[in-house]
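# Observations on the three-dimensional arrangement
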Amino acid sequence: MLRAAPALLLLLLLLLLPPLQAQPLQACRLKGIERAVQCGQVEMPENPDTPTGRRLTIHFAVVPALAKNKSADPLFVFAGGPGQAAMQMAGPLQPVLAQINARRDIVYVDQRGTGRSNALECGPPRRTLPLAETVDPARAIAELASCVARLPADPAQYATWIAVRDIDAVRQALGAAQINLWGGSYGTRAALEYLRQFPQHVRSVVLDGVAPAAMALPASFAVDSEAALQNLVERCRSEPACSRLHPTLAADIDALLKSAASGTRVTVAHPVTGAPESLTIDRTALAGMLRSPLYVPQLAAVLPHALARAGRGDWNPLLALHTALAGGVQDNFAEVMHFAVVCAEDLPRVGPAEMAASRATRFGTSFLDLYAQACRKLPVRPAPPAFYEPPTANVPVLILSGGADPVTPPRHGEAIARELPNVRHFVAPHLGHGVSGQGCAPELIGRFVRAAGFTDDQGKPIEGSCLDKLPAAPVFLAPATRPTEGMQRP
């Protein structure tokens, strides 16, 4: 008896299965959007190789265009993280995309493993968690294995190259022949992968803070955070008031890191409850506390003051800066999905050169060590080699980068821009992580998407010089500061 090849059997099985059907759209509400939107869902196999196995419900929301005579090509939003849900970002993003939404639907898809699409998370975020659990990532890593065992999911099936097929199923369900893409941070990787797999369905792409597949995230964390931290040190040195108050900022940072190597025991007030807590801050915890404020220039501007206070034994300002960002992230973050992506796509690409580059920074291998520990607890499947190749389609791509970004700085945008055939890369020199909502950026994005190119409908070139005019956040100076505010070292 002749046996069919496995690929042929899979093809026959797919032909026998009923086509994926989307449920009719229903009126719904999204937090932060006053008007009613429409929500829908599509059913997809969790494992693309076993279409008769476990199924996932992929949820999405459509914010309808305001114009009655709307354009047929909606804009799809790809959320960051990895681990963020797009539908939870709708409220903050809608003002940024308002010009586009005038004539185009905006579509928010919760990527598999996030939000309403079978979120891979260990429990609801709690801002009142003890600070020891908030600042100590090792605790969360230690609990990861038991969390994974409880989840009704196979984390190996949540990689980017699989997830973008869900996005295309949503496109098909909405009947759109072509779509526009907006991706932020990790969402840029998903958008690039969608462009690679489905170029015929893409009209234009906006990438805000590029995180390409070849980035090797845990290693780049240290290198890019070091560059952002050093940029802050140099800014402080160039501003007379900051230089006077913090004349030895670089040495002060090094002194804190050295003292944390053996663990620093501190007592602080919880930023939410106000209750006093005692905890030990080691070098890994301090690395995270140094890095998180750098995402937002307004928070980074307070870092010299907070570090000076920590050097004198008052860690409250530094912990407040850290939790100001971390608390908001926890509200929309599926941690297992995050590790499922990074463990499959990034960590395998960390070699001796990446390790050496991390060791050469103040942050060392702290981030790499944490991810290596976490990834031993998750099943992964290798990404196909083509996943790491840039798209080749001649689709217009607009790249935005923040010059002070500690995670997706311009060097990553420059690298991918060299590979794409139809691209412009605009840098906002003084901005951090996320450019789209700042200054003239919404106008640039609106003009670009309307034209699907770099000359608008009035024949004017679309260029990013207006981003140069966005000012840097001035370094924070506490009221009644004294020239002796800097750290007091023995």
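A short tour of the structure in this document, coming up. (Residues numbered from 1 in each chain as written. Predicted model: local features only at pLDDT ≥ 70, side-chain atom pairs only at ≥ 80, totals over all residues. Heavy atoms only, no water.)

### Details of the pattern of salt bridges
Enumeration according to the criterion identifies 16 salt bridges in this entry. Between Arg411 and Asp224 there is a salt bridge, with the nearest N and O atoms lying 2.7 Å from each other. With Arg411 in helix H18 (residues 410-417) and Asp224 in helix H8 (residues 217-238), this residue pair connects regions lying 187 residues apart in the sequence. Since its relative accessible area comes to 41%, Arg411 is described here as partly exposed. Asp254 serves as the salt-bridge partner of Arg362, at 2.9 Å between the closest nitrogen and oxygen. On the criterion of sequence distance, the pair formed by Arg362 in the loop between helix H16 (352-359) and helix H17 (366-375) and Asp254 in helix H10 (residues 249-260) is long-range, its members being 108 residues apart. Residues joined by salt bridges that share partners form a network here, namely Asp73, Arg104 and Arg203. (Salt bridge = Lys/Arg side-chain N within 4 Å of Asp/Glu carboxyl O. Helix = DSSP H or I, 4+ residues; strand = E, 2+ residues; numbered from the N terminus. Buried < 20%, exposed > 50% of the residue type's maximum accessible area, 1.4 Å probe, protein only.)

### Some words on the side chain of Arg291
Mapped onto the elements, Arg291 comes out in helix H11 (residues 283-291). Comment: no salt bridge for buried Arg291; closest opposite-charge side chain is Asp405, at 7.4 Å. A distance of 3.1 Å separates the side chain of Arg291 from the side chain of Tyr295, its partner in a polar contact. The residues touching Arg291, leaving out its near neighbours within four places in the chain, are Phe221, Ser225, Phe363, Phe367 and Val407. (Lys, Arg positive; Asp, Glu negative; His and termini not counted. Polar contact = N/O pair within 3.5 Å; in protein donor to acceptor, adjacent residues only side chain to side chain. Contact = heavy atoms within 4.5 Å.)

### Topic: the nonpolar core
In terms of nonpolar packing, the biggest core is built from 106 residues, with Phe76, Leu181, Tyr194, Leu286, Trp315 and Leu318 touching the most fellow members. Among the elements that line this core, the one with the most residues is H8, at 9 residues. In this view, Phe76 contacts Val107, Val109, Ile167, Val170, Arg171, Leu174, Ile179, Asn180, Leu181 and Trp182; residues no more than four positions away in its chain are not counted. (Core = buried A, V, L, I, M, F, W, Y, C linked by side-chain atoms within 4.5 Å.)

### A word on the packing of aromatic side chains
One pass over the full model with this rule turns up 8 aromatic pairs. Taking 6.0 Å as the distance between ring centres and 55° as the angle between the ring planes, the aromatic pair formed by Phe221 and Tyr371 counts as tilted. With a gap of 150 residues between them, Phe221 in helix H8 and Tyr371 in helix H17 connect regions that are remote in the sequence. Across this residue pair, the class does not change: Phe221 and Tyr371 are buried. Every member of this aromatic cluster is reached through a ring pair, and the members are Phe221, Phe339, Phe363, Phe367 and Tyr371. (Phe/Tyr/Trp six-rings, centres within 6.5 Å; stacked < 30°, edge-to-face > 60°.)

### Concerning the sheet that holds strand E6 (residues 179-184)
Read across the open sheet, the 9 strands follow the order E1-E2-E3-E5-E4-E6-E7-E10-E11; overall the sheet is mixed. Two strands bound the open sheet, and with one partner strand each, they are strand E1 (26-28) and strand E11 (423-428). Adjacent strand axes in the sheet meet at a mean angle of 25° when their direction is disregarded. Strand direction decides the pairing type here: strand E7 (residues 202-208) and strand E10 (residues 397-402), joined by 4 bridges, are parallel. When the bridges of E10 are listed, Val205 appears paired with Val397. Along the sheet face, helix H6 (residues 160-174) touches strand E2 (37-45), strand E3 (55-63), strand E4 (75-78), strand E5 (106-109) and E6 and points at about 125° away from the line of E2. (Pairing = 2+ DSSP bridges. Axes fitted to C-alpha atoms, helices over the stretch in contact; angles between N-to-C directions.)

### Focus on the packing of helix H15 (residues 335-345) against H17
Where H15 contacts H17, the two axes come as close as 10 Å, and the packing angle between them is 100°. One way to sum up the angle between H15 and H17 is to call them roughly perpendicular. Judged by residue contacts, His338, Phe339, Val342 and Cys343 of H15 engage Tyr371, Ala374 and Cys375 from H17. Split into classes, the residues belonging to the contact of H15 with H17 amount to 6 nonpolar, 1 polar and no charged. (Parallel < 35°, antiparallel > 145°, perpendicular 65-115°, else oblique. Nonpolar A, V, L, I, M, F, W, Y, C, P; charged D, E, K, R; others polar.)

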